[in-house]
Amino acid sequence: MTVSINSEKCGNIANCPGEGLCIKLCEQGALIDDNGNLIVVDENCDDCDLCIANCPNQAITKG
Amino acid sequence: MVSIIRKGVENRKLVHKNERCVGCGICSETCPTSALNLGPVLPIARGLLEMDYIKINDKNCVLCGLCSFACPFEAIVFNINGDEAKDFQNYPNWDDGTQIDKNECIFCGKCENNCPRDAIIINRQLPDVKDLVRGEAKTENDKCINCKICEEMCPSDAITIETDVTNINATEILIDENKCIYCKICQRACPENAIKIFCTTCMNSDDIPKVEITGDIFLDEDICINCSWCEHVCPTNAVTTVKPFEGEIFRRDDVEEDLICKGDSCHACLDVCPCNAVEIINNKSSINPDFCVLCGACQKACPQNILEVKRTSMKLNNIKSEAWQNILGSIIGK
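What you see is a predicted model; the values in this text were computed from it and never measured.

Quick look at the overall build of chain B now. Secondary structure summary: chain B contains 10 helices and 20 strands in total. In terms of overall dimensions, chain B is more spread out than a globule: its C-alpha atoms have a radius of gyration of 29 Å, far above the 20 Å expected for 334 residues. Counting across all 334 residues of chain B, residues that qualify as buried make up 43%. Of the contacts made within chain B by residues no fewer than 6 positions apart, 66% connect residues no fewer than 24 positions apart. Computed over 35 positive and 51 negative side-chain charges, the separation of the two mean positions in chain B equals 5 Å.

Quick look at the structure:
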C-alpha cells in the first residue's frame, strides 16, 4: 500500500504552508517535487505515514 | 516566546518559553479553555518549520495558570502582580530536580558531554605538564641543519627552530619546557645529534605530587529536564536526579501484530525526544527508560501511533483545591 494525494486539498508546493513539508519529511524519496507538482513514487514508499501525520492540509491518505 | 497579559484586580501574565519547551503537549491537554495548541512537533524538532511548539490563543486564555503548574519543565511562567506564582505557598510545586555534589565531582566532563540539553558547564583547571615530569633538554644550535624533523615529530608540539633572515640557516633550537615531556623522540630523530634529552621522571617519581584537578561545575536548572543522563554517567556518584514522573513507556506493536514500527524510515521518536533516550536498533525504536522522562513527545510524533506512555505518579505536590487535583491529576491518568 502507498499514499495518495487529494489534489484539491493539497494545492501543490507553491501554496503549501510548509513549503512542501511532506517532501522534506520523507527520507525515502517517495514524495518528490516535479516542477512544483507533488509526485508519489510508489516503489519508494515504506508506509511510515510521516507525510500523512504531518501534512498541514490533511491532503494525504492511505491507498 | 509568547506572552499573554491582562490587568484586573490582579495583574496576571503568562509567558511560554520555547527554549525550555520539549513539545510534550501536557499543557495543552490540561488547559480548561483549549487556549493552548501544540504545533507540529516533528517538523519543528527537525528544523523544517520555524515556529514555537505551543501557540496560545489569547482570546481563550483566562490566565488561570494551570498550564504553568502542569508543565514539568518550567516552560510556562505564570506571574501574579509581578511575582512568579510557583513561589507562592498556595500553588502547586514540582519536587523533581537534579543535584550535583561539588565535593564529589572530579570534573571529568562526562555529564557535560552527555547532557542532551547542554545544561551543564564545567570549568576545570589542569596542572602544568612541567609539574608532572622531570628532566633536562640540551641543544647544540651550531649542529642544527634546520631540517625541522624534530619540530614536525615532537608529540608535545614543544619545539620551534629559529632561523636567520634568509630562513635557510637555523639560529636556535627552542624547546618549550612547559610542553616537553622528555620523551626523546627529537633526540632519536635528529640526523645531526643536535639534541640531548635526559629524562628523570621515573627516578624522581616519589617527588612528583599527585595531581589534583580543581574546578567548578554549573547546572542550569532552567534548562535541565531531569532526564538523569548525568546521574548515570557520573563515575563518582556526585549526581542525584529525581524525575518528574514514574511509570513506563512501551511500543504497542510488541503485543499487537497489525502495528509496525517503521524504525529507520521514520525515526520521529528519536528526533523529538528531548532526553536522547531513543535509539533505532534493528530498524525498531528502542526507548531507554533510564533516560526517558515520560513527557510523551514521542507518543505525539509517532505517525503509527504505537507508543504509549503510562504515568503512575508525579512529583507535582501541594495541589490545594479539588478542582485542580482533578485536572492536574489527569496528567497521570487519575
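Moving on, there is more to tell.
Our focus in this paragraph is the overall build of chain A. If you tally the helices and strands in chain A, you get four helices and four strands. Element order for chain A, N to C, with α for helix and β for strand: β-α-α-α-β-β-α-β. In summary, chain A has a C-alpha radius of gyration of 10 Å against a globular reference of 11 Å for 63 residues, a match within 12%. Accessible surface, chain A: about 3,500 Å² in total, of which carbon and sulfur atoms supply 45%.

Moving on, we get to the packing of aromatic side chains. All names here are of chain B. Applying the stated rule across the entire model yields seven aromatic pairs over all chains. Relative to Phe78, the ring of Phe69 has its centre 6.4 Å away and its plane inclined at 85 degrees; by these criteria the two rings are edge-to-face. The exposure class of Phe78 is buried, given its relative accessible area of 3%. Here the aromatic rings of Trp94 and Phe245 are separated by 5.6 Å at their centres, their planes lie at 90 degrees, and the arrangement is edge-to-face. Of this pair, Trp94 sits in strand 7 (residues 93-94) while Phe245 sits in strand 16 (residues 245-251), placing them 151 residues apart in sequence. Here Trp94 falls in the buried class, since its relative accessible area comes to 17%. Phe245 sits in the buried class, given a relative accessible area of 4%. Following the ring pairs from residue to residue traces out a cluster consisting of Phe69, Phe78, Phe88, Tyr91 and Trp324. When the ring centre of Phe245 is taken as reference, the NZ or CZ atom of Arg311 above it lies at 4.8 Å.

With that settled, consider the nonpolar core. Residue and element names in this part refer to chain B. Core analysis: the biggest nonpolar cluster contains 72 residues, and Leu14, Leu36, Phe73, Phe245, Ile287 and Leu328 have the highest contact counts within it. For this core, the element with the highest residue contribution is helix 3 (residues 66-70), accounting for four residues. Once you skip the residues sitting within four places of it in the chain, Phe245 turns out to touch Ile26, Pro72, Trp94, Val293, Leu294, Arg311, Ser313, Met314, Ile331 and Ile332. Judged by nonpolar contacts, the second largest core, of 16 residues, contains Tyr182, Cys186, Ile195 and Ile197.

Residue and element names in this part refer to chain B. Enumeration over the complete set of coordinates arrives at zero disulfides over all chains. Here Cys64 is not disulfide-linked; the sulfur of Cys67 is the nearest cysteine sulfur, at 6.3 Å. Among the residues examined, Cys64 registers a relative accessible area of 22% and is labelled partly exposed. Its sulfur unpaired, Cys71 is 6.1 Å from the next cysteine sulfur, which belongs to Cys24.

Calculation notes
Residues numbered from 1 in each chain as written. Chains lettered and ligands numbered in written order. Predicted model: local features only at pLDDT ≥ 70, side-chain atom pairs only at ≥ 80, totals over all residues. Heavy atoms only, no water. Helix = DSSP H or I, 4+ residues; strand = E, 2+ residues; numbered from the N terminus. Rg over C-alpha atoms; globule rule 2.2 N^0.38 Å. Buried < 20%, exposed > 50% of the residue type's maximum accessible area, 1.4 Å probe, protein only. Contact = heavy atoms within 4.5 Å. Lys, Arg positive; Asp, Glu negative; His and termini not counted. Charge placed at Lys NZ, Arg CZ, Asp CG, Glu CD. Areas by Shrake-Rupley, 256 points an atom, 1.4 Å probe, with all protein chains shown as cover. Phe/Tyr/Trp six-rings, centres within 6.5 Å; stacked < 30°, edge-to-face > 60°. Lys NZ or Arg CZ within 6 Å of the ring centre and 35° of its normal. Core = buried A, V, L, I, M, F, W, Y, C linked by side-chain atoms within 4.5 Å. Disulfide = S-S within 2.5 Å.

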